[in-house]
Amino acid sequence: MILVLWDIDRTLVYTGDIDRRVYRETFTSVVGRPPTALPARGTGVTMPLAVRELLRVNHVPEKSVETLADRIVAELPDRLAGHREQLATEGVIMPVSRRST
């Protein structure tokens, strides 16, 4: 069994600028140039939506957005894994919020 926690709004783990570095690296690898703008912080959107917005705000032609977005989304986990040590030392597990039921 594999447990996957998906933190789309930084409520589970704060990664500082590591996630933004990964977006820059992956965009550059796939598109062939560095991005001039990055996704907004803490928007609570899923990675595929954030990646599409990343491509659009960086003036990637609309006809290429879907194909490039798929490639970026596929590459992001490996790129993030490449920063595993940095995540372990710089990442911060956010405090748990307990709600009464």
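Just so it is clear, the structure is predicted and the values come from calculations on it, not from any experiment.

Enquirer: Could you give me a rundown of the packing of helix α1 (residues 18–31) against helix α2 (residues 47–57), with the residues and numbers involved?
Expert: Relative orientation of the contacting elements α1 and α2 amounts to 60 degrees, with a least axis distance of 12 Å. One element, α1, and the other, α2, form an angle in the oblique class. Between α1 and α2 lies a crossing whose hand is right-handed. Of the residues in α2, those in contact with Tyr23, Phe27 and Val31 of α1 are Met47, Ala50, Val51, Leu54 and Leu55. In terms of residue class, the contact of α1 with α2 is made up of eight nonpolar, no polar and no charged.

Enquirer: Which residues make up the environment of glycine 16, and what are the values?
Expert: With respect to the secondary-structure elements, glycine 16 resides in the loop between β1 (13–14) and α1. A C-alpha to C-alpha distance of 7.3 Å links glycine 16 and glutamate 90, two positions 74 residues apart in sequence.

Enquirer: How would you explain unusual backbone geometry if you had to name every residue and give the values?
Expert: The phi torsion at histidine 59 lies on the positive side, around 60 degrees, for a residue other than glycine. Structurally, the position occupied by histidine 59 is in the loop between α2 and α3 (62–81). Overall, the relative accessible area of 68% leaves histidine 59 in the exposed class.

Enquirer: Break down α2 for me, citing the residues and quoting the values.
Expert: All of the buried residues along α2 are Ala50, Val51, Arg52, Leu54 and Leu55. Looking at the packing, one finds that the buried side of α2 touches α1 and α3. Of the residues one or two after α2, histidine 59 is the one with positive phi, at around 60 degrees.

Enquirer: Explain the pattern of salt bridges to me, using residue names and the numbers behind them.
Expert: A side chain of one charge can pair with a side chain of the opposite charge if their charged atoms are brought near each other. A complete count under the given rule lists three salt bridges for this structure. Here glutamate 66 ties to arginine 52 by a salt bridge, and the two come within 2.9 Å at their closest N and O atoms. Placement of the pair is glutamate 66 in helix α3 and arginine 52 in helix α2, with a sequence separation of 14 residues. Notably, a salt bridge pairs glutamate 75 with arginine 79, separated by 2.7 Å at the nearest N-O pair. Placement of the pair is glutamate 75 and arginine 79 together in helix α3, with a separation of four residues, close to one helical turn.

Enquirer: So what about the nonpolar core? Which residues, and what values?
Expert: Membership of the largest hydrophobic core comes to 15 residues, with the highest contact counts inside it found for Tyr23, Phe27, Val51, Leu55, Val60, Ile72 and Leu76. Elements supplying a minimum of two residues to this core: α1, α2 and α3.

Enquirer: So what's going on with the confidence of the model for the protein chain? Which residues, and what values?
Expert: In the predicted model, the protein chain carries a mean pLDDT of 84, and 81% of its residues have values of at least 70. Mean pLDDT across the elements of the protein chain bottoms out in β1 (75) and peaks in α3 (94).

Enquirer: Give a description of the packing of α1 against α3 that names residues and reports values.
Expert: In contact at an axis separation of 9 Å, α1 and α3 are set at 130 degrees when each is read in the N-to-C sense. By the angle between their directions, the pair α1 and α3 is classed as oblique. For the element pair α1 and α3, the recorded crossing hand is right-handed. Of the residues in α3, those in contact with Ile18, Val22, Tyr23, Glu25, Thr26, Phe27, Ser29, Val30 and Val31 of α1 are Leu68, Arg71, Ile72, Glu75, Leu76, Arg79 and Leu80. Residues belonging to the contact of α1 with α3 are distributed by class as follows: 10 nonpolar, two polar and four charged.

Thresholds applied
- Residues numbered from 1 in each chain as written.
- Predicted model: local features only at pLDDT ≥ 70, side-chain atom pairs only at ≥ 80, totals over all residues.
- Heavy atoms only, no water.
- Axes fitted to C-alpha atoms, helices over the stretch in contact; angles between N-to-C directions.
- Helix = DSSP H or I, 4+ residues; strand = E, 2+ residues; numbered from the N terminus.
- Parallel < 35°, antiparallel > 145°, perpendicular 65-115°, else oblique.
- Left-handed = near helix turned anticlockwise from the far one by under 90°.
- Contact = heavy atoms within 4.5 Å.
- Nonpolar A, V, L, I, M, F, W, Y, C, P; charged D, E, K, R; others polar.
- Buried < 20%, exposed > 50% of the residue type's maximum accessible area, 1.4 Å probe, protein only.
- Salt bridge = Lys/Arg side-chain N within 4 Å of Asp/Glu carboxyl O.
- Core = buried A, V, L, I, M, F, W, Y, C linked by side-chain atoms within 4.5 Å.
- pLDDT = per-residue confidence, 0-100.

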